[in-house]
Protein chains: 2
Amino acid sequence: MLAAPPPASSYGRRPLGERMIADLKAKLQRAFNPRSVAVVGDKKQSDYMWLNSLAHFQGKVYSVQIDPKEIPGIEALGVPNYKSLLDIPGPIDYALVSVPRPVAPRVLQDCIAKGVGAAAFFTSGFAETKTEDGLLLQASLTKMAQAADFALIGPNCMGPYVPGIGLRNNTDEAWGVSGPVAFISQSGGNLVNFSQAAAASGIHISKAVSYGNAIVLDSTDFLEYIVDDPDTQLIGAYIEGVKDGRRFFRLLRENAGKKPVIIWKGGQTPDGARATSSHTASLAESMAVWEALMKQCGVLRANDVDEMVDTVKALVMVKPGVGDRVGMVSMAGGSSVTITDTFGRAGLRVPELSADSYRKLGSFFNIIGGSYRNPLDAGQTFRSADLLVQMLETLRDDPQIDSVVLEMAARRGDRDPKLMEGLLPALQRFKEGTTKPFLMVVSPPQRVEHYERYAQLRDELTARGIAVYSTSQRAAATLRRVVDYYRFRQELQAG
Amino acid sequence: MLAAPPPASSYGRRPLGERMIADLKAKLQRAFNPRSVAVVGDKKQSDYMWLNSLAHFQGKVYSVQIDPKEIPGIEALGVPNYKSLLDIPGPIDYALVSVPRPVAPRVLQDCIAKGVGAAAFFTSGFAETKTEDGLLLQASLTKMAQAADFALIGPNCMGPYVPGIGLRNNTDEAWGVSGPVAFISQSGGNLVNFSQAAAASGIHISKAVSYGNAIVLDSTDFLEYIVDDPDTQLIGAYIEGVKDGRRFFRLLRENAGKKPVIIWKGGQTPDGARATSSHTASLAESMAVWEALMKQCGVLRANDVDEMVDTVKALVMVKPGVGDRVGMVSMAGGSSVTITDTFGRAGLRVPELSADSYRKLGSFFNIIGGSYRNPLDAGQTFRSADLLVQMLETLRDDPQIDSVVLEMAARRGDRDPKLMEGLLPALQRFKEGTTKPFLMVVSPPQRVEHYERYAQLRDELTARGIAVYSTSQRAAATLRRVVDYYRFRQELQAG
């Protein structure tokens, strides 16, 4: 419990004073690094989803459940159950509350009395329902938390996810791994989707949180904590509405050029904004204002989970670069035209190479049926890993070229597994040796029976630290986004 | 052989007179419906790719090969070999020529002398190489074919593909099936990619052709033939350059409002145009002019093979509609916001429903944790096929709604296979019964082990005639495109 005198503002009211912010960060420090967690109201009907999610949690887990029919099932999981939060011996750093909505205020009261660090309310049915009951209950929770300066997360949310310590909000999420990426998400579903898609791309999470209706703690509060988190190198966010826009953008401006921030704004269109109001009761905000402010702060933009993962992947795995000129190797003439058009529509160039490069290529490239312009059409000549790497190196060494992209069909691997075996380490060496951005495009096959081989190739390349994209469109859009970001940072540094 | 006097123009020179066009169409009729095919120059090194592609051809197949080392392998395939085209008994409707480029003129001479209906030259190394040799050889082939009014396809191409009669240009292509879609492609790779992707979506091909450098026959000539083909209901095309733009667009204007045409233009950007010049020696054309003309003729636009297949699928499988207002059912709150934004960015609306619809929904929809706005959030309530179909029917019957979209996660099927079993026929009945467009979004899973189940669900829905898209972005872009097309047609009919 805090001994400090009550501050002039409270979490739910804005703006927050400095002392309030320090207090808040201390509480979030407990919630994101808990030694003890209580789950209030888990039950058999939902397969004990919360307690099962915490199966690998590295601290103490307690259950609070008063229904005598539920208690044996909970105890069978090996989790001690109490009738009230107040009965639990020792402090509780974080509580997850999943009770029927009329009970929510009483549980909040207990959280406050117990001195819980922070509590996330999974319980929904509040302002997002637009019903009188829902609105009144939400107002009562808000008032109670504000009066006590209680760090309430949600309601209608899934709370923190810290894979490194096994603090999860879904049994599908990874645990026991940790990475450089924080994810702040107003939607629980989007948090789960992002964490799964990121893990599939070899990207792991430092800390994440789903915060729903944000009646007390909002994106701004989590951002305040996460910009200083030493485990976090870059920050993704899914946001439907921001309550203290001034402080939110001040934080982003202060952070500009430090940790990259990617924002996926929910409710960009009038209809989308109406959907957010049914989802987390967020109010509509002008997308034009958001766009202007994001640009000013060098914030990267994503529009869905794929774009978010694509961008994070490039920031983590691809060397920084500020130039538009792409050198490409493609496997088929027709697709080399399309890939060039795709990069062109994304605002990138696929220019002619220097005379020196053409000279080098001419010494080992068979022109008939292929081509040694840019993109280099390797369709006919892809018979050795060495040759392919020589082509990539020629692009890398060309002063007319800023980034290198290799487009490859997964099916090649079926035809010549031995070639692939040599190629993978060669590509990894190339990637590690180059100071220019290097991306690959490997598209999924049409036939289901080829999918596993494709996924294996993609995962092997990923495991070797190479950023693989499933379409040239996604690769181009991502490269455009990160080049713009690094250019922003360069201009910022140049003053 | 033609008895008519030589026309004033020839295929390679423009414009073509009416008699020339009739003559040309007669020759293409032979090439697309051949009773006899000769393959000139197939060999072991390429696994007899041409003869193997013709393994299921329903007419006569002959080989022409003079290399004594190659002949036994060819005869082992059961194909009779001759030293010259002229030695083959009986007429040859179509010849595929795959010989070293210096030999090409001599083989063309034989084709002319033999009275072959049309010949496709797979042989490459001509103007696309920008070498003197290549340019000279191309000029000589062109002159020879023009002088004889010979229907030369290519060079640097794969020729016709007619799956129904087993006339293929690749062993990966389907055979023994036939559908309503023609595909005219300057690139052989794009033809193969399209035919495979389309087949995976349950879309089959009537007739297709890859025509490469187009030194004699061009897209216009194939279009002229295919607009009148009774087996073809819609036409896709991949085009890098058009030699007789006036006639090409006149054909498209005459066809406007009849068979839908989708054009994927290669070389849209300056760099892309440079790539086409290395690929099929096509000259750059202004994309602005193309866009204006396509719009004038109601031509749909695609930018890659995915967009081409997506659009064809909607034209074949989705009922026509001219309105922007989409009614949606989605499985998770977070994704319902994103899907709404995605459709909004594509220029579509996801509006509020009529009061009557909300009344109907209120009678069976549990609002807590879900939502009965639009999109309908079925995440919590998706427990029966009936309920889901009732939601879809409510949208269908709503006068505020023009199209219905269902977004579904493949993983649901894992959780409750019995539910899916009932759902599939229910969705098919819904699709068949509605007069409004109905599309589904089913996204691939993150984990490889779930992929097969996803592909199965997608394929089962496809087999039931439902258009399934792998992302909401692709569904939205496609719906936008076809709504614009049907609106064009409506306005044309209204005069």
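This is a predicted model, so every value here is computed, not measured.

Focus on the pattern of salt bridges
Then, number 1: Within the structure shown, the criterion is met by 44 salt bridges over all chains.
Then, number 2: Here A:Arg359 and A:Asp356 are joined by a salt bridge, their closest N and O atoms 3.1 Å apart. One end of the pair, A:Arg359, and the other, A:Asp356, are both in helix H13 (residues 355-362), three residues apart, so they sit about a helical turn from each other.
Then, number 3: When the shortest N-O distance is used, the salt bridge between B:Asp306 and B:Arg474 registers 3.8 Å. Placement of the pair is B:Asp306 in helix H11 (residues 305-317) and B:Arg474 in helix H18 (residues 472-494), with a sequence separation of 168 residues.
Then, number 4: B:Asp306 gets classed as partly exposed once you look at its relative accessible area, which sits at 26%.
Then, number 5: The exposure class of B:Arg474 is partly exposed, given its relative accessible area of 28%.
Then, number 6: Residues participating in the shared-partner salt-bridge network are A:Asp324, A:Arg480, A:Asp484 and A:Arg487.

With respect to the interface of chain B and chain A
Then, number 1: If you look at the interface, chain B gives 66 residues, while chain A gives 66 residues.
Then, number 2: Together chain B and chain A conceal approximately 4,600 Å² of surface at their shared face, both sides included; 50% is due to carbon and sulfur atoms.
Then, number 3: The interface formed by chain B and chain A holds two salt bridges in total.
Then, number 4: Among the ionic pairs, B:Asp271 bridges to A:Arg349, the shortest N-O distance being 2.8 Å.

Looking at the side chain of A:Arg481
All names here are of chain A.
Then, number 1: Along the chain, arginine 481 falls in helix H18 (residues 472-494).
Then, number 2: For arginine 481, a relative accessible area of 16% translates into the label buried.
Then, number 3: If we skip the residues at most four places from it in the chain, arginine 481 touches Leu300, Arg301, Glu307 and Thr311.

Some remarks on the domain arrangement of chain A
Residue and element names in this part refer to chain A.
Then, number 1: Partitioning chain A into structural domains gives domain 1 (18-315) and domain 2 (319-494).
Then, number 2: Each of domain 1 and domain 2 was reduced to a C-alpha centroid, and the two centroids are 39 Å apart.
Then, number 3: Counting from both sides, the interface comprises 21 residues of domain 1 and, opposite them, 14 residues of domain 2.
Then, number 4: Summed over both sides, the interface between domain 1 and domain 2 buries roughly 1,400 Å², with carbon and sulfur atoms accounting for 56% of that surface.
Then, number 5: Inspection of the region where domain 1 meets domain 2 yields three salt bridges.
Then, number 6: Across the salt bridge formed by aspartate 310 and arginine 474, the nearest N and O atoms sit 2.8 Å from each other.

Remarks on the state of the cysteines
What makes a disulfide is a covalent bond joining the sulfur atoms belonging to two cysteines.
Residue and element names in this part refer to chain B.
Then, number 1: Applying the stated criterion across every chain yields a total of zero disulfides over all chains.
Then, number 2: The thiol of cysteine 157 is unpaired, and the distance to the nearest cysteine sulfur, on cysteine 111, comes to 12 Å.
Then, number 3: Overall, cysteine 157 belongs to the buried group, its relative accessible area being 1%.

Examining the relation of the copies chain B and chain A
Then, number 1: Laying chain B over chain A is done by rotating through 180° and shifting 0.0 Å along the axis; what remains is an RMSD of 0.0 Å. Both copies are brought into coincidence by an operation consistent with a two-fold rotation axis. Of every C-alpha in chain B, the one belonging to B:Tyr451 sits nearest the axis of rotation, 4.0 Å from it.
Then, number 2: Both copies present the same face, since 100% of the interface residues in chain B are matched by interface residues at the equivalent positions in chain A.

What counts and how
- Per chain, the residues get numbers from 1 upward, laid out in the order the sequence is written.
- Think of it this way: whatever chain is written first is A, whatever ligand is written first is 1, and the rest follow in order.
- pLDDT decides what is reported in this predicted model: residues at 70 or higher carry local features, side-chain atom pairs at 80 or more are listed and counted, and totals for whole chains, interfaces and linings draw on all residues regardless.
- Hydrogens are left out, water is left out, and the side-chain values use all remaining heavy atoms of the structure.
- Here, a salt bridge means any side-chain nitrogen of Lys or Arg that lies within 4 Å of a carboxyl oxygen of Asp or Glu.
- Runs of H or I in DSSP of at least four residues are treated as helices and runs of E of at least two as strands, each being numbered from the N terminus.
- Burial classes: relative accessible area under 20% of the type maximum marks a residue as buried, over 50% as exposed, and values in between as partly exposed (1.4 Å probe, protein chains only).
- Contacts are assigned to residue pairs with any non-hydrogen atoms lying within 4.5 Å of each other.
- Throughout, the accessible surface (probe 1.4 Å) given up by two parts as they are put together, summed over both, is called the buried area.
- Throughout, the edges of the domains are those of an automatic or database domain assignment.
- We call a pair of cysteine sulfur atoms a disulfide when they lie within 2.5 Å.
- Copies are brought into register by a least-squares superposition over C-alpha atoms of residues with pLDDT of at least 70 in both.

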